[in-house]
Amino acid sequence: MKLSHALIKSLPKVLLHDHLDGGVRPKTVIELAKETGYDKLPTTNPAQLAEWFHRGATRGSLPLFLEGFEHTCGVMQTEDALERVAYEMMEDMRKDGVVYVETRFAPVFHQQKGLHLETVVKAVLRGLDRGKKDFGVEYGLILCAMRNMKPAISMEIAELAVDFRQQGVVGFDLAGEEGGYPPKKHVDAFHFIQRENFNITIHAGEAFGKESIWQAIQWCGAHRIGHATRLIEDMKVKNGTVQSMGTLAQYVLDKRIPLEICLTSNVHTGAVRNLKEHPFGIFFRYKFRVMLNTDDRLMSMITLSDEYKTAAETFGLTLNDLEKLTINAMKSAFLPYKKRIDIIYNVIKPGFAKARRK
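Note that the structure is predicted; figures quoted are calculated from it, not measured.

(A) Looking closely at the overall build of the protein chain. The helix and strand tally for the protein chain stands at 17 helices and 10 strands. Relative to the compact-globule value of 21 Å for 358 residues, the protein chain shows a C-alpha radius of gyration of 19 Å, a close match. A principal-axis box enclosing the C-alpha atoms of the protein chain has dimensions of 55 × 50 × 40 Å. The 358 residues of the protein chain split such that 59% are buried. The contacts of the protein chain with a sequence gap of at least 6 include a subset with a gap of at least 24, amounting to 76%. Surface accessibility of the protein chain: about 15,000 Å² in total, with carbon and sulfur atoms responsible for 50%. The protein chain carries 49 positive and 43 negative side-chain charges, and their two centres are separated by 7 Å.

Given below as structure tokens:
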């Protein structure tokens, strides 16, 4: 059965790895730049700007990929701008059939005009909450600390995340360039999160080797891993068959540690050479808990439906496979157990059953 884009778009989907500042609408970037006096945009034509972001992000390098964030963060420096971007993201999720989204961002990048960290987070949460009311999409917000910043700043963001856990913040993340910035440098922040019984996801194994994943799990207590592409380095594979697994890969498999896979983004950043070489196919076949994600919708010019379609075509996935991936994602969400079960049995399963009838 060939899965059409229209059918995939109609499916109830779950997105756990999506950057708020990596998914701003080009038209919104231009309008906010005008409102806030930001004058560094390369063009004020929406179509040309969209292409500029996409072209800039597809150069096979994570540092080059991240350059576009200067402009999206540059226009997200007021409460109104932050609230608008968050609200529009929720509308975009509804249009794409996403029923639950965890969006993430680094509050420290939105203080250029003097906003306090608490004010930044409150503005984003207002937008997300309005979006939930208007579009019926459930959400969670993840706050990111940055690898290249001082550990004391990471601790501040960790404390901020815990302070807002009753208002919609569901977890803490460490993001940014991996090379030269090991996660264990920020171990105090992660120990604080663990003591508070809170949730941890860490970008690891995208641009650096399996050691980054090992540190994220064993030093920092990650409950989920963002990307994890390089976990394949801990597996001996011949002709698409796993001959043996190292202790790290076996641990990730046995403990059901969720892997937030971002196929298209990984090609764009050079984490893999092409889609067919992406280890997702092996991870999925050998029952790792994987799910599909967009990472940065603006930079990669994709939606989650696009990512599902790409995965289906590249790896021969069926409708049942897409349902499995979606349930994997919902099981791995940083929501209370009862809420996760409710969405799986009352939203996801009925939605896929309806698609099968069609």
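(B) Representation of the nonpolar core. Within the largest apolar cluster, 117 residues are counted, with the highest numbers of intra-cluster contacts made by I225, L259, F280 and F288. Leave out the neighbours within four places in its chain, and F288 touches L231, M235, M245, A249, V252, L253, R256, L259, F283 and N328.

(C) Focus on helix 9 (residues 187-195). Those residues of helix 9 that fall on the buried side of the exposure criterion are V187, A189, F190, F192 and I193. Where helix 9 ends, the next residue or the one after it, N197, has phi of about 55°, a positive value.

(D) Spatial organisation of unusual backbone geometry. The phi dihedral of A228 is positive, around 60°, even though this residue is not glycine. Residue position: A228 is located in the loop between strand 6 (224-227) and strand 7 (235-238). With a phi close to 55°, N239 is a non-glycine residue in the positive phi region. Examined against the element boundaries, N239 turns out to sit in the loop between strand 7 and strand 8 (241-245).

(E) Structural detail: the sheet that holds strand 4 (residues 169-175). The strand order across the open sheet formed by 8 strands is 1-2-3-4-5-6-9-10, and the pairing between neighbours is parallel. Of all the strands in the sheet, just strand 1 (13-19) and strand 10 (290-292) have a single pairing partner and so form its edges. Each adjacent strand pair in this sheet contributes to an overall mean axis angle of 25°, direction not counted. Strand contacts of helix 7 (residues 117-135): strand 2 (98-105), strand 3 (138-146) and strand 4, with the helix running at about 160° to strand 3, the strand carrying the most contacts.

(F) Spotlight on the packing of aromatic side chains. Using the criterion set out here, one finds 6 aromatic pairs in the structure. For the pair F280 and F315, a centre-to-centre distance of 5.1 Å together with 65° between the ring planes defines the contact as edge-to-face. Residue F280 is found in helix 13 (residues 280-285), and its partner F315 is found in helix 15 (residues 304-315); the two are separated by 35 residues along the sequence. Under the relative-accessibility criterion, F280 is labelled buried at 0%. F315 gets classed as partly exposed once you look at its relative accessible area, which sits at 22%. Here the aromatic residues F280, F284 and F315 are joined through ring pairs into a cluster of three or more. Between R224 and the ring centre of F334, over which it is positioned, the NZ or CZ distance is 3.8 Å.

(G) Layout of the packing of helix 8 (residues 151-163) against helix 9. Interhelical geometry of helix 8 versus helix 9 gives an angle of 15° and a closest axis separation of 8 Å. One finds that helix 8 runs roughly parallel with respect to helix 9. Where helix 8 crosses over helix 9, the handedness of that crossing is right-handed. Residues S154, M155, A158, E159 and V162 of helix 8 touch helix 9, and the partners they reach there are D188, A189, F192 and I193. Looking at the contact of helix 8 with helix 9, its residues break down into 6 nonpolar, 1 polar and 2 charged.

(H) Fine view of helix 10 (residues 210-219). Turning to helix 10, its buried residues are S212, I213, Q215, A216 and I217. For helix 10, the secondary structure elements touched by its buried residues are strand 5 (200-204), strand 6 and helix 11 (247-254). Directly beyond the C-terminal end of helix 10, a positive phi value near 70° is found at G221.

(I) Broad picture of the pattern of salt bridges. Taken as a whole, this structure holds 26 salt bridges when the rule is applied. Across the pair E31 and K27 runs a salt bridge, and its minimum N-O distance is 2.6 Å. Of the two residues, E31 and K27 both sit in helix 2 (residues 26-36), 4 residues apart, roughly one turn of that helix. Among the salt bridges present, the one from K339 reaches E138, with a minimum N-O distance of 3.4 Å. Here K339 is found in helix 17 (residues 337-357), whereas its partner E138 is found in strand 3, with 201 residues between them in sequence. Look at the salt bridges and you will find they share partners, linking D18, R25, K27, E31, E35, R84, E88, E91, D92, K95 and R297 into a network.

Parameters at a glance
Residues numbered from 1 in each chain as written. Predicted model: local features only at pLDDT ≥ 70, side-chain atom pairs only at ≥ 80, totals over all residues. Heavy atoms only, no water. Helix = DSSP H or I, 4+ residues; strand = E, 2+ residues; numbered from the N terminus. Rg over C-alpha atoms; globule rule 2.2 N^0.38 Å. Buried < 20%, exposed > 50% of the residue type's maximum accessible area, 1.4 Å probe, protein only. Contact = heavy atoms within 4.5 Å. Areas by Shrake-Rupley, 256 points an atom, 1.4 Å probe, with all protein chains shown as cover. Lys, Arg positive; Asp, Glu negative; His and termini not counted. Charge placed at Lys NZ, Arg CZ, Asp CG, Glu CD. Core = buried A, V, L, I, M, F, W, Y, C linked by side-chain atoms within 4.5 Å. Pairing = 2+ DSSP bridges. Axes fitted to C-alpha atoms, helices over the stretch in contact; angles between N-to-C directions. Phe/Tyr/Trp six-rings, centres within 6.5 Å; stacked < 30°, edge-to-face > 60°. Lys NZ or Arg CZ within 6 Å of the ring centre and 35° of its normal. Parallel < 35°, antiparallel > 145°, perpendicular 65-115°, else oblique. Left-handed = near helix turned anticlockwise from the far one by under 90°. Nonpolar A, V, L, I, M, F, W, Y, C, P; charged D, E, K, R; others polar. Salt bridge = Lys/Arg side-chain N within 4 Å of Asp/Glu carboxyl O.

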